[in-house]
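Notes for the structure review
Each chain, written out:
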Amino acid sequence: MVTAGADAGGSLAMAASEPPSSRSMTALMKNLALAAAAILVAVIIGEAFLRLIGFSYPLPYRIDPVRGKVGRAHAVGVWAVEGNARFRFNAFGFRDAPRTLEKAPDVLRLAVLGDSFTEALQVNDDQTYTRLLEQRLNGCFNRPVEVLNFGIGGYGQANQLLTLRHAVLPFKPDGILLLFYPGNDVADNYPPPSTPDRVAFRLRDSRLVEDRSYLERAWRNPRTRRLKNGIFALSDRSRALQLLIWAYGHLGSQQWAGPQGESPQSLPDPEADPPNPVLQSPAWQEAWTVTEALITEMDRIADGRAIPFWISVVPEPGRVLPPDAPDRPRLPPSKESPYFQAEARLSSLAERRGMRFIPLREGLADYAERTRTYLAGFSPPTLGRGHWNTA
């Protein structure tokens, strides 16, 4: 008969006979398993906490080898950086309703190019101005109208030109509207680009020349591009990963500067006294020359296909305030403001090119005053600033 003492003694003898390396490996595996379990629990708790407090920093984009930063097909999320809205991108990677590439014979299509004001992540899908415009136009025509939203946050006219060439034209639009934002569009068109996910254009002998060196230098390795695109896609499902991306982007970002330290993107207050010196700098003037050349090229492409091309300017949010707004500007319209400068230059360009310029500032200012409504911002103290709200 085998006794309990004999069993215990045999086990101890077997353990003692194991080589030290085997015992160390077993202990290491146990420690690793415990560490992995602790990390998993911490991630689950952190994920739950971030969702509880409403943190959300989605990135509905990917890196395209031709166009740089583009929208990601079927991206979904909640945008809480400004406002609090749910968004969904369609199969073509745009913040728009589901569309088909083929156009029905009786459908009128208007393609809208723009930046974050057009993308409008700050409001729900059915509250973007392109969706509301589609509803309004469908009540004005005796045939269906589609307003296609090709806006992507951070785009200047360089990215919009590439979008027109590679994404808009296949939809066979009957009209193209460009919504220009003076706050950063001019600076975004001045090489080098502010971020390496964009293509730049330069003027050589009065001709636009595409400069892909920044994009290719950062994303020439397909594996790097696929890795970042995969991380962006995974971030749709993880607020913890969104927090890491937010921290990396804010801590690792670098200030862009133009030649000789002149940076069109680092504009001082446009209403400052004395008048804004950047608007008269050689760098700013060159940036405007490139900008006008890019818009002219877009109009040339549209004109070659007999597509009407319209252009409009996003008015300065601080100029379209209700009468009781505490920070309502007391200054009259100033040629030193980049917004009024943009209106003057683009209306002049439109007249020379035979484009249609659609003024917005006076109409929106009148509406804000009559209805005593803030058109931008979402809650104090940002009312009257930032992107358009649902008003």
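An account of the accompanying structure is given in this report. (Residues numbered from 1 in each chain as written. Predicted model: local features only at pLDDT ≥ 70, side-chain atom pairs only at ≥ 80, totals over all residues. Heavy atoms only, no water.)

1. Notes on the nonpolar core
Filter applied, for reference: What makes a nonpolar core is a set of buried Ala, Val, Leu, Ile, Met, Phe, Trp, Tyr and Cys residues whose side-chain atoms join them at distances within 4.5 Å. Burial classification: accessible surface area is computed with a 1.4 Å probe over protein chains only, and a residue below 20% of its type maximum counts as buried, one above 50% as exposed, and the rest as partly exposed. By the criteria applied, helices consist of DSSP H or I runs no shorter than four residues and strands consist of E runs no shorter than two, each listed in order from the N terminus. Should any heavy atoms of two residues lie within 4.5 Å, those residues are considered in contact.
Judged by nonpolar contacts, the single largest core of 58 residues is most densely connected at Leu113, Phe150, Leu164, Ile295, Met298, Phe309 and Leu346. If you list the elements that add at least two residues to this core, you get β1 (61-64), β5 (108-113), α5 (157-168), β7 (175-180), α9 (239-252), α10 (282-304), β10 (309-313) and α11 (338-353). With 10 residues, α10 is the largest single contributor of residues to this core. Not counting residues up to four positions away in its chain, the partners in contact with Phe150 are Phe94, Ala111, Val112, Leu113, Gly114, Thr163, Ala167, Val168 and Phe171.

2. Details of the side chain of Thr118
Mapped onto the fold, Thr118 is located in helix α3 (residues 116-119). Here Thr118 falls in the buried class, since its relative accessible area comes to 0%.

3. Examining the pairing of β5
The criterion, for reference: When DSSP finds two or more bridges between two strands, those strands count as paired.
With respect to burial, β5 is a largely interior element, five of its six residues being buried. With five bridges joining them, β5 and strand β6 (residues 145-149) adopt parallel strand pairing. Note on β6: the bridge partner recorded for Ala111 is Leu148. Pairing analysis gives four bridges linking β5 to β7, with the strands arranged parallel. Following the sheet pairing, Leu110 is matched in β7 by Gly175.

4. Digging into α10
Put simply, the rule is: Each residue after the first adds 1.5 Å to the expected span of a helix.
Given a rise of 1.5 Å per residue, 23 residues ought to cover 33 Å, and the 33 Å separating the end C-alpha atoms of α10 matches this to within 8%. Immediately beyond the C-terminal end of α10, within one or two residues, lies Ala306, with a positive phi of roughly 60°.

5. Quick look at the packing of aromatic side chains
Here is the rule we go by: Aromatic rings from Phe, Tyr and Trp, taking only the six-membered ring of Trp, are treated as a pair when their centres fall within 6.5 Å; an angle between ring planes under 30 degrees marks them as stacked, one over 60 as edge-to-face, and anything in between as tilted. A positively charged side chain is recorded as over a ring if its NZ (Lys) or CZ (Arg) lies within 6 Å of the ring centre. The angle to the ring normal must also be within 35 degrees.
If you walk through the whole model with that rule in mind, you get nine aromatic pairs. Aromatic side chains Phe87 and Phe89 sit 5.8 Å apart centroid to centroid with 70° between the ring planes, which places their arrangement in the edge-to-face category. For the pair shown, Phe87 and Phe89 are each scored as buried. Ring-pair connections join several aromatic residues into one group, and the members of that group are Phe92, Phe94, Phe150 and Phe171. Sitting over the ring of Tyr61, Lys69 keeps its end group 4.2 Å from the ring centre.

6. Focus on helix α12 (residues 361-371)
Here is the rule we go by: Arc definition: directions from the helix axis to the C-beta atoms.
Within α12 the residues assigned to the buried category are Arg361, Ala365 and Ala368. Here the buried residues of α12 occupy an arc of 65° about the axis, which is enough to place them on one side. Looking at α12, the residues exposed on the side facing more than 90 degrees away from the buried face are Glu362 and Arg370. The inward-facing, buried residues of α12 abut α11. Arg372 sits one or two positions beyond α12 and adopts a positive phi of about 55°.

7. So, the pairing of β10
For β10, the buried fraction is high: four of the five residues fall into the buried class. When β7 meets β10, the two strands line up parallel, connected through five bridges. Looking at the pairing, Phe180 lines up with Val313 of β10. Across three bridges, β10 lies against strand β11 (residues 356-358) in parallel orientation. Note on β11: the bridge partner recorded for Ser312 is Ile358.

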